[in-house]
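Residue-level structural notes
Each chain is listed here by its residues.
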Amino acid sequence: QVQLVESGGALVPPGGSLTLSCTASGIIVNLNTMGWYRQAPGKQREPVATLATINSGGTTNYADSVKGRFTISRDNVKNTVYLQMNGLKPEDTAVYYCHARVTTLFNEDEFWGQGTQVTVSS
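So, a few notes on the structure that sits alongside this text. (Residues numbered from 1 in each chain as written. Predicted model: local features only at pLDDT ≥ 70, side-chain atom pairs only at ≥ 80, totals over all residues. Heavy atoms only, no water.)

**A look at the overall build of the chain**
Per the secondary structure count, the chain includes zero helices and eleven strands. Going from the N terminus to the C terminus, the chain shows its helices and strands as β-β-β-β-β-β-β-β-β-β-β. For 122 residues, the compact-globule estimate of 2.2 N^0.38 gives 14 Å, and the C-alpha radius of gyration of the chain, at 14 Å, lies within 12% of that figure. Over its C-alpha atoms, taken along the principal directions, the chain stretches across nearly 45 × 25 × 25 Å. Counting every position in the chain, which comprises 122 residues, the buried fraction comes to 39%. Pairs at least 24 residues apart make up 54% of the contacts formed inside the chain by residues separated by at least 6 positions. (Helix = DSSP H or I, 4+ residues; strand = E, 2+ residues; numbered from the N terminus. Rg over C-alpha atoms; globule rule 2.2 N^0.38 Å. Buried < 20%, exposed > 50% of the residue type's maximum accessible area, 1.4 Å probe, protein only. Contact = heavy atoms within 4.5 Å.)

Written as structure tokens, this is what we have:
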């Protein structure tokens, strides 16, 4: 069974920086796509940043609201994806979820992490 474990959420002041990490573990044939989504209370979960592994084309995509401030990266050896967040704003406050699409022994499936809270406040 594949599991995603997130870490790095914290309380930070506006303009601060924070790095989130997510590590995938389990029997994985190919880690195809990893990304970060976020959900504020009463709001729909939205994509923040996603990237595909080189096997899927190696493409990266960002939400317009975070372009120029957030950077997604990966360590393929560690099966880990990072989200470097700079210039944080109060509206960035949300639970951030790691998401992955992986090829297992049987098929392609998708998984979600448990979420990590990011709070931006003075």
